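Given next are the chains, with one letter for each unit.
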Amino acid sequence: METLSAIDWERFQVLSPSEKAPYFGDGVREQHVILAQQFDRARLDALGALATRIRRVAKTHAGSDFLQQTLSHKRAMLFFTQPSTRTFLSFCAACEILGLKMGEVRNPSTSSEFKGESRDDSVRTFSSYFDLIIMRSEIGGLAERVAWLLSHSERTVPVINAGSGKDQHPTQALLDIYTLQRSFELQGGIDGKRIVFAGDLKRGRTVRSLSVLLTQYKDVEQCFVAPADLQIGEDIQAVLQERGISFSLRDDLRPELGSADAVYMTRVQDEWDASDGAASAFDPARYRIGKAELSCMKPDAAILHPLPRRDEISPEVDEDERAVYWRQMRNGMWIRAALIASLFGIEDEICGYVGA
Ligand code: NCD
């Protein structure tokens, strides 16, 4: 197949996400992590197993020392020009687990971009000093542009998309899948489950990426609960239709709770209002989980949230064993460590470690 370094930007940028996905890998594994469409069921299973392996090895002092020397000769650049707490810290922690050294730019006004340097040139600069670029940007599609650009430079380093505009957040979706795998470990896994998404599904990039990953599982039903103007994008609906996935669009969460195996809550992403028109007023009570809603849910359901939350999940829900959003964050650290280990091809070294 044609490689990313062989295709010109004009031809590449007009492809659909599923057409672009194979360009970011070598047929076996990812070379860059840009889109949820890059992952099939086998890769999701393998990454989950590697994350669990890393989690177990890291439990002992000797295991943790072993992991920290695996990539101690590599450096990662965290280029985060959009606000982030969890994703930034969990990538830092993942890099530390594997011993990578880190540099960061979080504010373009402290970099040469402020002097008029183009983002393309800034990124090329990073690739001179680092072996991996992890980036979050408010600009949709920037991560794929950077991956393409570097593949056309003399130093192609892997790029990980840590959230791009309103579009994709593939590593969040991977940690959500890992959380679902772990939550449903005793219930036959993710296959056959009913997953309900609620909140701002139009601009919530985590939902968009997770919905795509869930199409890899058998007989998973997806239900999207949002006011009409914040409903899941037609592009995602088209993907679901094309793949024969059963899904429904609703505007009230409560009636959906009783049959949900997992509920994925999100906040209203009102930071986008100024650029895409303020969301119309809606009744937040229809998209919220509190004590009363909990009582309608299955005893072994899972409640997820990418966080940060506002008031869509009331704090009293935190104590309920179905609330997995705090564990979800920690899962993010393990799956991101697994992803980085895989990008550098050290899975066998980690799996071969004796002592855990
Ligand atoms: C999400 C994001 O940035 O897309 N948060 C995250 O990465 N954990 C969701 C959000 O900001 O609401």
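Below, the structure is looked at part by part. (Residues numbered from 1 in each chain as written. Predicted model: local features only at pLDDT ≥ 70, side-chain atom pairs only at ≥ 80, totals over all residues. Heavy atoms only, no water.)

It is worth spelling out the nonpolar core at this point. By size, the foremost hydrophobic cluster in this structure holds 70 residues, and its most contacted members are I54, L98, I134 and I340. A total of nine residues in this core trace back to one element, the largest contributor, which is helix 14 (residues 325–343). There are two domains that each give this core at least three residues, and those are domain 1 (9–169 + 331–351) and domain 2 (170–329). Setting aside anything within four residues of it in sequence, one finds I134 in contact with A76, M77, L78, F79, F80, F91, C95, I160 and A162. (Core = buried A, V, L, I, M, F, W, Y, C linked by side-chain atoms within 4.5 Å. Buried < 20%, exposed > 50% of the residue type's maximum accessible area, 1.4 Å probe, protein only. Helix = DSSP H or I, 4+ residues; strand = E, 2+ residues; numbered from the N terminus. Domains from an automatic or database assignment. Contact = heavy atoms within 4.5 Å.)

Here the focus is the sheet that holds strand 6 (residues 221–225). With respect to topology, five strands assemble into an open sheet ordered 7-6-5-8-9, the strand pairing being parallel. Every interior strand has two partners, whereas the edge strands, strand 7 (247–250) and strand 9 (302–304), have only one. If you compare each strand with its neighbour and ignore which way they point, the axes differ by 15° on average. Judged from the five bridges that link them, strand 5 (residues 194–198) and strand 6 form a sheet pairing that is parallel. Pairing of I195 across the sheet is with Q222, part of strand 6. (Pairing = 2+ DSSP bridges. Axes fitted to C-alpha atoms, helices over the stretch in contact; angles between N-to-C directions.)

This brings us to the site of the ligand. Taken together, T87, R136, H169, Q172, R205, T206, R267, Q269, P306, L307 and P308 make up all the residues around the ligand. R205 has a polar side-chain atom sitting 2.8 Å from an oxygen atom of the ligand. Contacts to the ligand include P306, whose backbone N or O atom sits 2.9 Å from a nitrogen atom. Tallied by class, the residues present in the shell around the ligand amount to three nonpolar, five polar and three charged. (Near = heavy atom within 4 Å. Polar contact = N/O pair within 3.5 Å; in protein donor to acceptor, adjacent residues only side chain to side chain. Nonpolar A, V, L, I, M, F, W, Y, C, P; charged D, E, K, R; others polar.)

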